[in-house]
Amino acid sequence: MMNNIASPTQGKPSRGGWNAAIFIIFVEVAQQFAFYGLASNLIMYLTNVLDQPLATAAKNVNTWLGVSSVFPVLGAFVADSYLGRFTTILFSITIYFMGMVLLTLSVSVIPSQSCRAVFFVALYILSVAQGGQKPCVQTFAADQFDENTPAERKAKSSFFNWWYLGLVFGATSATLGVVYLQDNVGWGLGFGILAGVLMVSLLLFLVGIKRYRKQRPPGSPFTTLAQVFVAAARKWHVNETLNCESVYYEDEKGGATVEGQPQALVLSRTNQLRFLDKAMIIDEVDASNQIRNPWRLCSLNQVEEVKLVLRLIPIWLSCLMFGVIQAQLHTFFTKQSSTTIRSIGSHFQVPPASLQGLVGIAILIAVPIYDRFFIPLTRKYTGHPSGITVLQRIGIGLVISILNMVVSALVEAKRLDVAKHYNLIDKPKAIIPMKLWWLLPQYLICGVSDAFTTVGLQELFYDQMPEQMRSIGAAAFISVIGVGSFISSGIISIVQSITSRNSDKWLGDNINRAHLDYFYWVLAVLSTLSLCVYVLIARAFEYRKVGGEEKLKAEMSIFAKNHDGET
C-alpha cells in the first residue's frame, strides 16, 4: 500500500482518496478554464486585432499550443527529479496567475507600440507554467488512490473519466462564457476573469494542503534508463542462458526504495526487447565484485521498467495524427464558423470560438454514458474490469477522429457551394447564408473522439509508466497534442508551398476561395495510414506484468460484479 508521509508543515499523515483529490481537481478545472478561455479565441485575436494573415495566425496558434504541450516534459522531469509534484504545482499556479495578469495588461493598459511584444511574452510565460502544472496535477491527484487495493484501484479507473469530465467542464465554461465577453465587451475583461479564477484555484489548493498524500522526488528517472542501456551494451557479447535463471540478478524488493516513496512494484519478466535482458546477466566480472556496479548489472525491475517506456514510444508516435486533427479545432474550425449565420433570436450572436463548447458538451454526455453504461455492458461479454482494454478505447477514438475529418470536409464543401451560389467567393468577410448548425456534427464528433482517445491515453501513460516516471508519462500524453500541433503547422506549410504554384491556393487568406475541404481530406488519409500502424503496434503491445497481478485482477473482477450499478 502507498505510504503516507508527513509534509514539512504537518505532523500527521495525509489521508489521500477523494477527500484530497477533489481539491486537486478544482486546480485543474481552473487551469482548463484559463487555458481554453485563451486558446479557443486566440485565432480571432490574432486575425482581427493584430491583423495577421489566416495561415500565419494558424501557425502561430499551433506553435504556441505545441510549446505549451511540449514544455510539460521538462516540467515533469523537474518534478520527478528535484521539486516533487506538490511543490511544482504550487510554483506553476503562481507563475500561471502572473502570466495571465501580464496578458490582461497587454490588451488593456499597455501602449499599442509595446502591447504586441508583451502579449507574446505573456503567452509563453503561460507555456512555462503549463509545463510545470499540466503533468503534475493529474498524476498528483491519481497518487491519492492506492492501486494495491481493489476498491481504490477501481476508484482510480473511474477517476480518470471523472477527472476528464472536470477538465471539460472548465474548458466548456470558458468557451461559452468568457469568449462571449471577449468578443462583445472587451479582451481586457475576458482575460481578467481568467486571472481571477487562477487566483481562486491557488487558494483552494492551499486549503487542501493537509489532506494530500505526498511523495518525495526519487531523483532523475533517466539515470535508471541510462544504466540499463549501458549495462546491456557492455554485455552485448554475453550469451543469454535461457534455462539457467540463476544467471540473472533479481532484487526481491523491486529495486532501490526512496524514503517517502511507495514500495516499488515487483515486475514480472517479459519476452519483448530481449536484448535489454543482458543488463541483468551476472557474468564473471559481476560475480567477482562484492559490490554491485549499477552501470554493469541491473535488476529485473530496472530492465522491465525500461521496457515499459520503450513499448509506449510506438503508441505515442502512432497517435500524433490525432493531435493534428485536434489542432484544427482552435484554428480552421473557428474561422469556418465565423463566416456562418450565428444569430439566435434577434439580439444574440454566438461567438465563433464558442462553438468549441459543443465539443465539451459532447464529452460531458459521452463520458458518463461510457462510465455508467458502456463499461458494465461490455464487461459482461469481455470479462475485463474496464469493459474493453485501454488500447481498444484509444483505437475507437482514432477511428472516430478520421470520421470527424470526413464530415468536416463534406460540410466545408457545402459551405463553399453556398458561397459560390450567392456570389460571395471574393468577399471573405461576408456572412454566408448558411446556419452554424451545419458545423454541429464535426464539433460533436470531435468531442466523442476526445472522450475515447484522450482519456485512454491518460490512463495508458499513467498505468504503464514506472511509478517514478508517472509525471513524465502524463507529459508524454500531453505532448501528443503539442507535437500534433507542430506537425499541423508543418502540413500547412507544405500544402501552402505546393498549392501556391497554382493560382488556386488551398489555404489562402480568402477562406471562400481556399480549399479547406481538400486539406481535411488530406488529414483524413494521413490519419487512416496512421491508424493502420497503430493497430499493428497495439496488437503486439504487452501490458505491464506485476507479481500478484492476477490475484488482484480476480479480486477486482469480483469487486466490480458486486458493485455494478453503484454510484
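By the naming in an unreviewed UniProt entry, the protein is Protein NRT1/ PTR FAMILY 5.4-like, taken from Prunus mume. If you open the UniProt record of the protein and go to Sequence similarities (unreviewed entry), you find "Belongs to the major facilitator superfamily. Proton-dependent oligopeptide transporter (POT/PTR) (TC 2.A.17) family." Annotation of the protein in UniProt includes, under Subcellular location (unreviewed entry), the sentence "Membrane".

A. Region of interest: the overall build of the protein. Helices and strands together make up the secondary structure of the protein, namely 18 helices and two strands. The 567 residues of the protein split such that 57% are buried. Pairs at least 24 residues apart make up 82% of the contacts formed inside the protein by residues separated by at least 6 positions. For the protein, the exposed area adds up to about 23700 Å²; of that, 64% sits on carbon and sulfur atoms.

B. The arrangement of the environment of Y82 in detail. Along the chain, the position of Y82 falls in helix α3 (residues 54-83). Sequence-wise, Y82 and R216 are 134 residues apart; in three dimensions their C-alpha atoms are separated by 8.7 Å.

C. Structural detail: the pattern of salt bridges. Scanning the entire structure with this criterion turns up seven salt bridges. The residue K134 makes a salt bridge to E28 at a minimum N-O spacing of 2.8 Å. Of this pair, K134 sits in helix α5 (residues 112-142) while E28 sits in helix α1 (residues 18-39); the two residues are 106 residues apart in sequence, bridging distant segments of the chain. On the accessibility criterion, K134 (11% relative accessible area) is buried. For K307, the salt bridge is made with D277, and the minimal N-O distance between the two is 2.9 Å. Placement of the pair is K307 in helix α10 (residues 300-318) and D277 in the loop between α8 (221-234) and α9 (284-288), with a sequence separation of 30 residues.

D. Highlighting helix α13 (residues 357-382). At Y370, α13 shows its maximal kink, close to 45 degrees. Backbone geometry just downstream of α13 places G383 in the positive-phi region, at approximately 75 degrees.

E. Inspection of the environment of K505 at higher detail. Looking at the element boundaries, K505 is found in the loop between α16 (470-499) and α17 (516-540). The class for K505 is partly exposed, based on a relative accessible area of 44%. K505 sits ten residues away from H515 along the chain, and the two C-alpha atoms are 7.1 Å apart. Setting aside anything within four residues of it in sequence, one finds K505 in contact with T499, S500, R513, A514 and H515.

F. The packing of helix α14 (residues 390-421) against helix α15 (residues 440-463), seen in detail. Orientation of α14 relative to α15, taken along the N-to-C sense of each, is 155 degrees, at an axis distance of 8 Å. Judged by the inter-axis angle, α14 sits roughly antiparallel to α15. Every pair of crossing elements has a handedness; the one defined by α14 and α15 is left-handed. Residues that form the contact of α14 with α15 fall into these classes: 18 nonpolar, eight polar and two charged.

G. Just the side chain of N404, in detail. Turning to its location among the elements, N404 is positioned in helix α14. Accessibility expressed as a relative area gives 0% for N404, which makes it buried. Those residues within four positions of N404 in sequence are excluded, and the remaining contacts are I325, F333, Q442, I445 and C446.

H. Representation of the environment of V29. By the element assignment, V29 lies in helix α1. Among the residues examined, V29 registers a relative accessible area of 16% and is labelled buried. For the pair V29 and Y164, spaced 135 residues apart in sequence, the C-alpha to C-alpha distance is 9.2 Å. If sequence neighbours within four positions are ignored, V29 has contacts with G166, L167, F169 and G170.

I. Examining the nonpolar core more closely. M100, L103, F332 and F519 are the most contacted members of the largest nonpolar core, which has 105 residues in total. For this core, the leading source of residues is α1, giving twelve residues. When near neighbours in sequence (up to four residues on either side) are disregarded, F332 contacts L54, A58, I492, L507, L516, F519 and Y520. The next biggest cluster of nonpolar side chains, apart from the first, holds 40 residues, and it includes A231, V306, F322 and Y534.

Thresholds applied
- Residues numbered from 1 in each chain as written.
- Predicted model: local features only at pLDDT ≥ 70, side-chain atom pairs only at ≥ 80, totals over all residues.
- Heavy atoms only, no water.
- UniProt positions renumbered as here; feature names shortened; annotations may be inferred.
- Helix = DSSP H or I, 4+ residues; strand = E, 2+ residues; numbered from the N terminus.
- Buried < 20%, exposed > 50% of the residue type's maximum accessible area, 1.4 Å probe, protein only.
- Contact = heavy atoms within 4.5 Å.
- Areas by Shrake-Rupley, 256 points an atom, 1.4 Å probe, with all protein chains shown as cover.
- Salt bridge = Lys/Arg side-chain N within 4 Å of Asp/Glu carboxyl O.
- Bend = angle between axes of the 7 residues up to and from the residue.
- Axes fitted to C-alpha atoms, helices over the stretch in contact; angles between N-to-C directions.
- Parallel < 35°, antiparallel > 145°, perpendicular 65-115°, else oblique.
- Left-handed = near helix turned anticlockwise from the far one by under 90°.
- Nonpolar A, V, L, I, M, F, W, Y, C, P; charged D, E, K, R; others polar.
- Core = buried A, V, L, I, M, F, W, Y, C linked by side-chain atoms within 4.5 Å.

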